[in-house]
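# Fold and contact review
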Amino acid sequence: MRTVVYVSNADSGDISVLRMDAHTGALTPLRSATVGGASGPLAVSPDRRFLYVARRSEPTAVLAFAIDGTSGELAPLGQAALPASMAYLSIDRSGRHVLSASYGGHQLAVSPVAANGVPVPARQVLPTEPNAHAVLADPSNRFVLATSLGGDLVMQQRFDATNGQLTPNTPAAVRVRKGAGPRHLVFHPSGRFVYLLNELDASIDVFAFDTEQGLLAPLQTITSLPAGMSGAPWAADIHVTPDGRFLYSSERRSSTLAAFRIDAASGLLALIGHVPTETQPRGFNIDPRGRFLLAVGQASHRLSRYAIDAASGALSKVDDCAVGQNPHWIEIIDLP
């Protein structure tokens, strides 16, 4: 099994490429890929043949790279203009559309992807309440959820994957607590639950997801903050292990990772504990086998690797290495 790691480095303007040993988790740096400006969020096509990155500096664009099936190294394919600087990218489940969310532009965009993997300019741009921060298709590809940090809500959209069109669901949004600041969200592998990380109070909202209607129903709110933390919360990222048993989130003010156990029947979270990590851990991710967690620090410019205890979900640091400047996004894939 060949596993590769991609790290987006905003200030270096590049993507670090590292080979990951599928058994030991050991990392070996390969050649970086140049973005030609501020390197933003990453997304991988469902067939793992293409990597997409949003360039957040002018001229804003989504860039496509071909993933070498043997080495994992990246070759530029092409790019398409984006209507604003995008804080989040994802690919719909068909691989035919790039979904993006603009924090400063207060909008969502849908950019079609040609058969050769190259994106074209956005064909739909939707205004949102302030500070759109994430956008993600559900496992069926019939619905899309998106966050508005300034509006304290999650947008609920219907999605036509044939033409790439979003239309409001009924209701069109679910609101959370005022000042919570919805940021990133993730589906449970079963598709039955959604976990929302709120940036401004570092809480996690657990929702049941109606797979027929594409609607959220609140189940639980739990804090991700370590005990005794001082200063304003600044939560960043959230991920679930591939087996759906554990959830992790990152918090930049305390530079910690929080670990939770997921109840298989209810989807509810129970805290396992916190571990210190890289300074300002804006992004992290979990390898496809759920054995290792990789976290990067915006201020440390380094990556730390943690082993995930298969029984308890607890994290233990293994090693760390340098990456680019201001790293903030990680994707980990097995090569097809």
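Here is a short report on the structure shown in this document.

Conventions used here
Residues numbered from 1 in each chain as written. Predicted model: local features only at pLDDT ≥ 70, side-chain atom pairs only at ≥ 80, totals over all residues. Heavy atoms only, no water. Helix = DSSP H or I, 4+ residues; strand = E, 2+ residues; numbered from the N terminus. Rg over C-alpha atoms; globule rule 2.2 N^0.38 Å. Buried < 20%, exposed > 50% of the residue type's maximum accessible area, 1.4 Å probe, protein only. Contact = heavy atoms within 4.5 Å. Areas by Shrake-Rupley, 256 points an atom, 1.4 Å probe, with all protein chains shown as cover. Lys, Arg positive; Asp, Glu negative; His and termini not counted. Charge placed at Lys NZ, Arg CZ, Asp CG, Glu CD. Core = buried A, V, L, I, M, F, W, Y, C linked by side-chain atoms within 4.5 Å. Pairing = 2+ DSSP bridges. Axes fitted to C-alpha atoms, helices over the stretch in contact; angles between N-to-C directions. 1 Å grid on protein atoms, 1.4 Å probe; cavity = no way out; pocket = protein on both sides within 12 Å on 5 of 7 lines; lining within 4 Å. Points joined across faces, edges and corners; volume = space filled by probe spheres on them.

Assigned secondary structure in the chain consists of zero helices and 29 strands. Relative to its length of 336 residues, the chain is compact, with a C-alpha radius of gyration of 18 Å against a globular reference of 20 Å. Each principal axis of the C-alpha distribution contributes one length, and for the chain these read about 45 × 45 × 35 Å. Taking all 336 residues of the chain together, 59% fall into the buried category. A separation threshold of at least 6 residues defines the contact pool for the chain, and within that pool the share at least 24 residues apart is 48%. Counting only carbon and sulfur atoms, one obtains 53% of the accessible surface of the chain, whose full area is about 12,400 Å². Within the chain, the 28 negative side-chain charges are centred at a point lying 1 Å from the centre of the 27 positive side-chain charges.

Here the focus is the nonpolar core. Of all hydrophobic cores here, the largest spans 50 residues; its most connected members are Y6, I15 and L74. With five residues, the top contributor of residues to this core is strand β13 (residues 132-137). Ignoring any residue separated from it by four or fewer positions in sequence, one finds Y6 in contact with I15, S16, V17, L42, L51, I67, G72, L74, W329, I330, E331 and I333. In this structure, L197, I204, V240 and I262 belong to the second largest nonpolar core, which totals 16 residues.

In this section: the sheet that holds strand β22 (residues 246-251). Strand order across the open sheet formed by four strands is β21-β22-β23-β24, with antiparallel pairing between neighbours. This sheet does not close on itself; its edge strands, each paired only once, are β21 (235-240) and β24 (269-276). Recorded for the sheet is a direction-independent mean angle of 20° between the axes of neighbouring strands. Pairing analysis gives seven bridges linking strand β23 (residues 256-262) to β24, with the strands arranged antiparallel. Paired with A258 across the two strands is H274, which belongs to β24.

With that settled, consider the layout of surface pockets. Taken as a whole, the largest pocket encloses approximately 1,200 Å³ of empty space. When contributions to the lining of the largest pocket are tallied by element, the ones reaching two or more residues are β5 (39-44), β9 (88-91), β13, β17 (182-187), β21, β25 (283-286) and β29 (327-334). With five residues, β29 is the largest single contributor of residues to the lining of the largest pocket.

This part covers the pairing of strand β1 (residues 2-9). Across the eight residues of β1, seven count as buried, placing the element largely inside the fold. Across eight bridges, the pairing between β1 and strand β2 (residues 14-21) is antiparallel. Note on β2: the bridge partner recorded for Y6 is V17. The loop that links β1 with its antiparallel partner β2 comprises four residues; one of these, G13, has a positive phi angle of about 70°. Here β1 runs beside β29; their pairing, made up of seven bridges, is antiparallel. Residue pairing across strands places S8 opposite W329, the latter belonging to β29.

Attention now goes to unusual backbone geometry. In this structure, P59 follows E58 across a cis peptide bond, with omega equal to -5°. Counting through the fold element by element, P59 comes out in the loop between β6 (50-55) and β7 (61-67). In this model, T170 is joined to P171 through a cis peptide bond whose omega is 0°. Here P171 shows up in strand β16 (residues 165-175). For R48, which is not glycine, the phi dihedral falls at a positive 60°. With respect to the secondary-structure elements, R48 resides in the loop between β5 and β6. Here Q280, not a glycine, exhibits a phi torsion of approximately 60°, which is positive. Judged by relative accessible area, which is 25%, Q280 ranks as partly exposed.

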